[in-house]
Amino acid sequence: MFLYLCIHSGSIIIRDTISRELQISRQTIDNYFTILEQSNLIYISNPIDIADKKALKSKPKIYVADAALRNAVLVLGESVLSDPDEMGVIIETSVYKHVATFYYPVLPKIGYYRDTKKNKEVDIVVDLPGGKKILIETKYRMDTRIGKEDAIVTLANEKETAGAILVTKQAEDFGVYKETKIVKIPAFAFLYLLGHAERESRLGNPI
């Protein structure tokens, strides 16, 4: 089960598919999900509604809690650095872990948004106490263009959205994305800043 989740980290998990492929019952799957989550080996990211826009229900995303652990389990060598698909999974997994750790003290709900009718998605939604939401989309690739119909663009304008972030690959990707409320930041900077904030928080220093 854990090997399966390592392969599919960051993907929407359909229990019937796992049951068929691994030949185990749905109840056993749910039991393993609970055990792995309580063991801090995975994060379960559930759908979150935004404003009057309803999200996909009952289909969680699963993230392995540590991208390095995933790489070790899958025996991924240095060649992974030149594999854009694998690097996309690694970066999204790392972003989710750092976001979950950073916001843990305020006990938010952290999930994702997906509109099945329009096939639009926001990778990470932080649902803060009080109802405000932060949207985070990872596009770890050379072409980071997003269209005006993309979910993060339309949802960034909702009054309950406190912020929208586009995590990218290129070092020059800093600033506001065109005529939107979305802030661009390269992955290495985003992860460093959150990691630094986590460290300072543990040391009792105000951020």
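Preceding this paragraph is the structure being described.
Counting restarts for each chain, with residues numbered from 1 along the sequence as it is written. In keeping with the model being predicted, local features are shown solely for residues with a pLDDT of at least 70 and side-chain atom pairs are shown and tallied solely at 80 or more, while totals for entire chains, interfaces and linings include all residues. Note that the side-chain values use all heavy atoms of the structure and ignore hydrogens as well as water.

(A) Fine view of helix 5 (residues 84–103). The helix and strand labels rest on DSSP assignments: H or I over at least four residues marks a helix, E over at least two residues marks a strand, and numbering proceeds from the N terminus. What a helix is expected to span follows from its residue count: subtract one and scale by 1.5 Å. For helix 5, spanning 20 residues, the distance from its first C-alpha to its last is 28 Å, which sits close to the expected 28 Å at 1.5 Å a residue. Whether a residue is buried, partly exposed or exposed follows from its accessible area with a 1.4 Å probe, protein chains only, as a fraction of its type maximum: under 20%, in between, or over 50%, in that order. By the burial criterion, the buried members of helix 5 are M87, I90, I91, E92, T93, S94, V95, Y96, H98, V99, A100 and Y103. Between N or O atoms, a polar contact is any pair within 3.5 Å; within protein, one atom must be a potential hydrogen donor and the other a potential acceptor, and residues adjacent in sequence are included only when both atoms are from side chains. You can read the cap of helix 5 off the contacts: a side-chain oxygen lies 3.1 Å from the backbone nitrogen of D85, and it is on D83.

(B) Local environment of the side chain of K139. By secondary structure assignment, the location of K139 is in strand 6 (residues 133–139). Counted charges follow a simple rule, with Lys and Arg positive, Asp and Glu negative, and His plus the chain ends left uncounted. Basic side-chain nitrogens of Lys or Arg form a salt bridge, by our definition, when they fall within 4 Å of a carboxyl oxygen of Asp or Glu. The buried charged residue K139 lacks any salt bridge, with E137 as its nearest oppositely charged partner at 4.1 Å. In what follows, residue pairs with any heavy atoms lying within 4.5 Å of each other are defined as contacts. Non-local contacts of K139, meaning those with residues more than four positions away in its chain, are made with T144, R145, I146, L166, V167, T168 and K169.

(C) View of the packing of helix 2 (residues 15–22) against helix 3 (residues 26–38). Two elements in contact, helix 2 and helix 3, have axes whose closest approach is 9 Å; the angle formed by their N-to-C orientations is 105 degrees. The angle between helix 2 and helix 3 places the two elements in the roughly perpendicular class. Residues R15, D16, I18 and S19 of helix 2 lie in contact with helix 3, whose contacting residues are R26, I29, D30 and F33. Gly falls in the polar group here, along with every residue not listed as nonpolar (Ala, Val, Leu, Ile, Met, Phe, Trp, Tyr, Cys, Pro) or charged (Asp, Glu, Lys, Arg). Counted by class, the contact of helix 2 with helix 3 contains 3 nonpolar, 1 polar and 4 charged residues. Whenever a helix is involved, its axis is fitted only over the stretch in contact; in every case the axis is a line through C-alpha atoms, and angles between N-to-C directions fall within 0 to 180 degrees. These descriptions rest on fixed angle ranges, namely under 35 degrees for roughly parallel, over 145 for roughly antiparallel, 65 to 115 for roughly perpendicular, and the rest for oblique.

(D) The sheet that holds strand 7 (residues 161–168), seen in detail. Note: two strands are recorded as paired if DSSP finds a minimum of 2 bridges between them. Spatially, 9 strands are ordered 1-3-2-4-5-6-7-9-8 in an open sheet, and the strand pairing comes out mixed. In the strand order of this sheet, the two ends are held by strand 1 (11–12) and strand 8 (175–176), each with one partner. Across 4 bridges, the pairing between strand 2 (residues 42–47) and strand 3 (residues 61–64) is antiparallel. Paired with S45 across the two strands is K61, which belongs to strand 3. Those strands touched by helix 3 are strand 2 and strand 3, and its axis lies near 120 degrees from that of strand 2.

(E) Focus on the pairing of strand 5 (residues 120–127). Taken across its 8 residues, strand 5 has 6 buried, putting it largely inside the fold. Sheet analysis places strand 4 (residues 109–115) next to strand 5, joined by 6 bridges and oriented antiparallel. Its bridge partner being in strand 5, Y113 is matched across the sheet by V122. Hairpin connection, strand 4 to strand 5: the antiparallel pair is bridged by 4 residues, and N119 has positive phi, about 55 degrees. Pairing analysis gives 4 bridges linking strand 5 to strand 6, with the strands arranged antiparallel. Residue pairing for strand 6: D127 is matched across the bridge by K133.

(F) Representation of the nonpolar core. Each nonpolar core is a collection of buried residues, namely Ala, Val, Leu, Ile, Met, Phe, Trp, Tyr and Cys, held together in the definition by side-chain atoms within 4.5 Å. Of all hydrophobic cores here, the largest spans 21 residues; its most connected members are V95, V99, I110, I124, V126, I136 and F190. Sorting the residues of this core by element identifies helix 5, strand 5, strand 6, strand 7 and helix 7 (187–202) as the ones contributing at least two each. Considering every element that reaches this core, the biggest residue donor is helix 5, with 6 residues. With sequence-adjacent residues up to four places away left out, I136 is seen in contact with V95, V99, V122, D123, I124, I165, V167 and F190.

(G) How the structure looks around helix 3. Given a rise of 1.5 Å per residue, 13 residues ought to cover 18 Å, and the 18 Å separating the end C-alpha atoms of helix 3 matches this to within 8%. Within the span of helix 3, buried status applies to I29, F33 and L36. End-on view of helix 3: buried residues confined to an arc of 75 degrees, all on one side of the axis. Across from the buried face of helix 3, at angles greater than 90 degrees, the exposed residues are Q27 and Q38. If you follow the buried residues of helix 3, they end up packed against helix 1 (2–7), helix 2, strand 2 and strand 3. Two residues or fewer past helix 3, N40 is found with a positive phi of approximately 60 degrees. Summarising the geometry, the arc corresponds to the directions from the helix axis toward the C-beta atoms.

By themselves these figures say nothing about function.
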